[in-house]
Amino acid sequence: MGPSEPTLLAEQFGPLQGVRILSTGTIVAEPFAAVMAAEMGAEVIHIERPGKGEDWRVAEFPIEAPNGDLVASSWLQDHRNMYHTTLDFSTTEGRDIFLKLVERADIWMESSKARTYDKWGLDDATVLAANPSIVICHISGYGQDGDPEYVGRASYDFTAQAFGGMMNLMGNPEPDPPTRAVPWTADYITGLFCMWSSLAAYIHAQRTGEGQVIDLAQFEAVHRILSGTMVAYNELGLVRERAGNKAGNAQPWDTFKASDGWVVIAAVGPVVYARVCRVLDLDPNDDKWIKARREVNSPEGIEFDAILRGWVEDRTVDEVVRIFNEAQVGCSRIMNAREMAENPHYRARKVHLEWEDQQLGKTVKGVGIVPKLSRTPGKIWRGSVPVGHDNNLVYGNLLGISPDTLRELGQRGVI
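Worth saying up front: this structure is predicted, and the values here are computed from it rather than measured.

Draft legend 1. Summary view of the overall build of the protein chain. A tally of helices and strands in the protein chain yields 17 helices and 13 strands. Projected onto the principal axes, the alpha-carbon positions of the protein chain cover approximately 85 × 50 × 40 Å. Of the contacts formed within the protein chain by residues at least 6 apart in sequence, a portion of 68% connects residues at least 24 apart. As presented, the protein chain carries roughly 20,900 Å² of accessible surface, and 54% of it is formed by carbon and sulfur atoms.

Here it is in structure tokens:
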């Protein structure tokens, strides 16, 4: 968005001020990338299908609005600060309107099966011809290219966790089933990859004037965070499997049941392990306990684990957390929503903030801006809005389409 380009945002803020993003993805992954940008000052135009909009508006833990509509809690959280419009890409007018938006945008992020937009005359070559400096980020389950058997497959958070290798590592060993990570972990990981890669390409475009296309496969984003899993296979022939919460090669690193709840205790390295031993009145220099640290399945390792579990079971969560943290050992209560809302550290850091939501017509409270920037902080300037709320603003003020034409397009279902 050039310096002479009109902006929709009344107040400029954050490190991404002056960046305009077109957002045409659905469900979680792409909209999460878009809202992160919007919370850091980008002008984000999110486009839904005309009529009822996205199904995700009402999908998860819905709250009733004054007009009787239901709004999903996740929608309230992840659709702040965006301008919401509607557009039917399959119509000639819809295609033309979108290309006019492309001319005025810096980044276009979308999520669909490979080549979905090609059938509407919005292939990459056409979009780049309209704006040679635009960054296009395609999110798909299996990528834009590859084995034809996979490229056309449907993909969701669940399938990406399975195909990307995450689920094989989640949960307890056989015969227990693999477990998914929640909530929508593959989608949120993909959203993070979408945002950083789009900004990386945007920086290149700012230097050179050259736009480009990002092919982001959801399963690859999941696969990328598996640490050394594939190196271990390729170099050692090791097929890593589920091990529950245990680290497997050192202890303590697990969940433990106290008298009134659950904690995690994590000790990395011999120095921290020695602190655990001293809490348990064990001699950290005794060969028996030295062996127990690394050989977790040895008789010594099993005995150490039993001693620690018995010690934890005899105490409350608060006692365990206090004692181990005073000893400089990693230990935390496993927090639920109520505990996080009431926790003094969450409050001190203002993790949870309030904002006005236009759909509910009231103040709501959820997770604020993450992370915190010292010079150009993000902010929440608006909550979620109804379907097509900003059609007149975006298409009228930005593109100069007359009110009569907008009414006619709306009557025909183009917007």
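Now that the structure has been shown, we can carry on.
Draft legend 2. Highlighting the sheet that holds strand β1 (residues 20-23). Taken together, six strands build an open sheet; the order of strands is β5-β2-β1-β6-β7-β8 and the sheet is parallel. On the outer flanks of this sheet lie β5 (83-86) and β8 (212-217), each paired with one strand and no other. Neighbour-to-neighbour, the strand axes of the sheet open up by a mean angle of 20 degrees, direction not taken into account. Sheet topology places β1 next to strand β6 (residues 107-111); three bridges connect them, and they run parallel. Counterpart to Ser23 in the pairing with β6 is Met109.

Draft legend 3. Examining the pairing of strand β2 (residues 43-48) more closely. β2 sits mainly inside the fold: six of its six residues count as buried. Sheet topology places β1 next to β2; four bridges connect them, and they run parallel. The residue of β2 that forms the bridge with Ile21 is Val44. Taken together, β1, helix α1 (residues 29-39) and β2 form a β-α-β motif whose crossover is right-handed.

Draft legend 4. Representation of the sheet that holds strand β10 (residues 261-266). Across the sheet, three strands lie side by side as β9-β10-β11; this open sheet has antiparallel pairing. Strands with a single pairing partner mark the edges of an open sheet, and in this sheet they are β9 (253-258) and β11 (330-333). The mean angle between the axes of side-by-side strands here comes to 25 degrees, regardless of whether they run parallel or antiparallel. With four bridges joining them, β10 and β11 adopt antiparallel strand pairing.

Draft legend 5. Layout of a nonpolar patch on the surface. Taken together, the side chains of Met230, Tyr233 and Val239 make up a nonpolar region of the molecular surface, amounting to roughly 280 Å² of accessible area. Locating Val239 in the fold gives a position in the loop between α9 (229-236) and β9.

Draft legend 6. The pattern of salt bridges, seen in detail. With the rule as written, the count across this model stands at 24 salt bridges. As a salt-bridge pair, Lys246 and Asp254 come within 3.3 Å of each other at their nearest N and O atoms. Measuring nitrogen to oxygen at the nearest pair gives 2.3 Å for the salt bridge that ties Arg412 to Glu408. On the basis of relative accessibility, which here comes to 45%, the residue Arg412 falls in the partly exposed class. Residues participating in the shared-partner salt-bridge network are Lys246, Asp254, Asp305 and Arg309.

Draft legend 7. Quick look at the environment of Ile97. Relative to the elements of secondary structure, Ile97 occurs in helix α3 (residues 92-103). Ile97 sits 298 residues away from Tyr395 along the chain, and the two C-alpha atoms are 8.1 Å apart. In this structure, Ile97 is in contact with Leu87, Tyr395, Leu399, Ile401, Leu409 and Ile415, ignoring residues within four places of it in sequence.

Draft legend 8. Representation of helix α6 (residues 157-164). Looking only at α6, the buried set comprises Asp157, Ala160, Gln161 and Gly164. The buried residues of α6 occupy an angular sector of 100 degrees when the element is viewed end-on, so they sit on one face. Residues of α6 that are buried in the fold lie against α7 (185-208) and α8 (218-224). Positive backbone phi, at 100 degrees, marks Gly165, one or two positions downstream of α6.

Thresholds, definitions, all that
- Residues numbered from 1 in each chain as written.
- Predicted model: local features only at pLDDT ≥ 70, side-chain atom pairs only at ≥ 80, totals over all residues.
- Heavy atoms only, no water.
- Helix = DSSP H or I, 4+ residues; strand = E, 2+ residues; numbered from the N terminus.
- Contact = heavy atoms within 4.5 Å.
- Areas by Shrake-Rupley, 256 points an atom, 1.4 Å probe, with all protein chains shown as cover.
- Pairing = 2+ DSSP bridges.
- Axes fitted to C-alpha atoms, helices over the stretch in contact; angles between N-to-C directions.
- Buried < 20%, exposed > 50% of the residue type's maximum accessible area, 1.4 Å probe, protein only.
- Right-handed = clockwise from strand over helix to strand, strands pointing away.
- Patch = residues over 30% accessible without salt bridge, like charges linked within 9 Å, V, L, I, M, F, W, Y side chains within 5 Å.
- Salt bridge = Lys/Arg side-chain N within 4 Å of Asp/Glu carboxyl O.
- Arc of directions from axis to C-beta.

Purely spatial values, then, with no claim about function.
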